[in-house]
Amino acid sequence: MRARSEVELGGCRVLDGGLATELERRGVSLAGPLWSARALRDAPQAVMAVHRDYLEAGADCLMTASYQVSALGYQEALAGEADEEEPGWQADPEAAVEASVPAPFDCAPEEASRAALQASVRLALVARRQYREAGHTRPIVVAASLGPYGAALHNGAEFHGNYGIGFAELVQFHRERIAVLAGTEADLLAFETVPSLEEAQAIAAALRDFPDLAAWISFTCRDPQLVAHGEPLAACAAALEAVDQVVAVGVNCTAPSLITGLLAELGQSTQKPIVVYPNSGEEWDPAARRWTGRSDVAGYGAMAAEWFAAGAQMVGGCCRTGPAHIRAVRAAVGQLTPA
């Protein structure tokens, strides 16, 4: 992974959008404990196509399809696959060869998790290379996405952070994945949808073993002041201020209507660059298991301009956002007055 001293985020203004959302729109199944990471074996070409679409929309940063990857998740996924009459996942041979994706992952959960993390970075790197070969010169950052412990449980625990495990276990969970990604060619790590101060502190503790790496930590929040577990976002950001490996802090997987208030909280507690990538504005109905409301792309672009003005350096999209939202964010960047 690129050394922290070499990571340059100054020109990075636009992140990509929802990867799982776009995979579903392409007909890729995300069923099971691996969610979007399942596509690393099912449909690596689709993953690269989504990456390229976001680059064409104006993204300066690609986040890898590794949010849901963990040995814990693969243990459950592989056990379920053994009960199927036919293999549940079919890798795309062409993409597998180009990105060196093992196909299939016939190995222990720990090895499968390692292979998936490595493959997710390779797919993003291939997409970036193809974009450059098409004549584009804009610098592109590849951020290796890592979800919280709750994502591995795939039961919604990332939206409350009550895991029932000790701090040391939380540190080890994150340390294992960092160790794998440290050996890849990603530019930095992106810890996403972190629900609590405790998990942020566990990530910081895990990062101490990798002093040359850079990472951002992004929280999911329940109102304009508090993260999902209930701590003030300002306190969470302040706790990370002295952690050198954390080069940016922010908010993701949160209602866009809350972002301006949350930016005010971050602005008073950190000098680090701020990254925000909220959901589209639609809401998940857990009883009906579907999204409700609508996504207003033009409105999202207008809010993005407001977020930049309120102090965000990097803006993108999370759940239910797509390339259209990222084009709107790119247009908002074009309207900024140069500093």
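No experiment lies behind these values; they were computed from the predicted model shown.

Draft legend 1. Summary view of the overall build of the chain. Of regular secondary structure, the chain possesses 13 helices and nine strands. Looking at the chain alone, contacts between residues at least 24 apart form 78% of all its contacts between residues at least 6 apart. Counting every atom, the chain has about 13,600 Å² of accessible surface; 49% of that belongs to carbon and sulfur.

Draft legend 2. Spatial organisation of the pairing of strand β4 (residues 215-219). For β4, the tally of buried residues reaches five of five residues, placing the bulk of the element in the interior. Judged from the four bridges that link them, strand β3 (residues 188-194) and β4 form a sheet pairing that is parallel. Directly across from Phe-191, in β4, lies its bridge partner Ile-217. Regarding the hand of the β-α-β motif, the stretch spanning β3, helix α9 (residues 197-207) and β4 is right-handed. Taken together, the five bridges between β4 and strand β5 (residues 246-252) define a ladder with parallel strand orientation. Residue Ala-215 lies in a different strand from β5, and its bridge partner there is Val-246. For the crossover that starts at β4, traverses helix α10 (residues 233-239) and ends in the parallel β5, the hand is right-handed.

Draft legend 3. Inspection of the packing of aromatic side chains at higher detail. The final tally for this structure, using the stated rule, is five aromatic pairs. Taking 6.2 Å as the distance between ring centres and 70° as the angle between the ring planes, the aromatic pair formed by Trp-216 and Tyr-277 counts as edge-to-face. Taken together, the residues Trp-216 in strand β4 and Tyr-277 in strand β6 (residues 274-277) connect sequence positions 61 residues apart. By the burial criterion, Trp-216 is buried, and Tyr-277 matches it. Through successive ring pairs, a cluster of aromatic residues spans Tyr-149, Tyr-163 and Phe-173.

Draft legend 4. Examining the side chain of Asp-187 more closely. Position of Asp-187 among the secondary structure elements: in the loop between α8 (167-181) and β3. On the accessibility criterion, Asp-187 (6% relative accessible area) is buried. A polar side-chain atom of Asp-187 sits 3.1 Å from a polar atom in the side chain of Arg-128.

Draft legend 5. Region of the structure containing the nonpolar core. Within the largest apolar cluster, 94 residues are counted, with the highest numbers of intra-cluster contacts made by Leu-23, Ile-178, Leu-189, Phe-191, Phe-219, Val-276 and Trp-307. Sequence-distant contacts of Leu-23, defined by excluding residues within four places in its chain, comprise Val-28, Leu-30, Ser-36, Ala-39, Ala-46, Val-47 and Val-50. The next biggest cluster of nonpolar side chains, apart from the first, holds 20 residues, and it includes Ala-214, Ala-248, Tyr-277 and Cys-318.

Calculation notes
- Residues take numbers from 1 onward in each chain, read along the sequence in its written order.
- Thresholds applied to this predicted model are a pLDDT of at least 70 for local features of residues and 80 or more for the giving and counting of side-chain atom pairs; totals over whole chains, interfaces and linings are not thresholded and use all residues.
- Computation of side-chain values covers all heavy atoms of the structure but excludes hydrogens and water.
- Secondary structure elements are taken from DSSP: a helix is a run of H or I of four residues or more, a strand is a run of E of two residues or more, and numbering for both begins at the N terminus.
- We call two residues in contact when some of their heavy atoms are within 4.5 Å.
- Using a 1.4 Å probe, the Shrake-Rupley method yields the accessible areas, and only the shown protein chains count as cover for residues.
- Exposed residues in this analysis have more than 50% of their type's maximum accessible area, buried residues have under 20%, and partly exposed residues fall in between, with area computed by a 1.4 Å probe over protein chains only.
- By the convention used here, strands pair only if DSSP detects at least 2 bridges between them.
- The handedness of a crossover follows from its direction of travel: if, with the strands pointing away from the viewer, the path from the first strand over the helix to the second runs clockwise, the crossover is right-handed.
- Centres within 6.5 Å make a pair out of two Phe, Tyr or Trp rings, where for Trp the six-membered ring is used; the pair is then stacked when the planes are under 30 degrees apart, edge-to-face when over 60, and tilted otherwise.
- As used in this structure description, the phrase polar contact means that two N or O atoms lie within 3.5 Å; if the pair is within protein, one of them must be able to donate a hydrogen and the other to accept it, and residues adjacent in sequence are counted only when both atoms belong to side chains.
- For our purposes a nonpolar core is just a set of buried Ala, Val, Leu, Ile, Met, Phe, Trp, Tyr and Cys residues, chained together by side-chain atoms within 4.5 Å.

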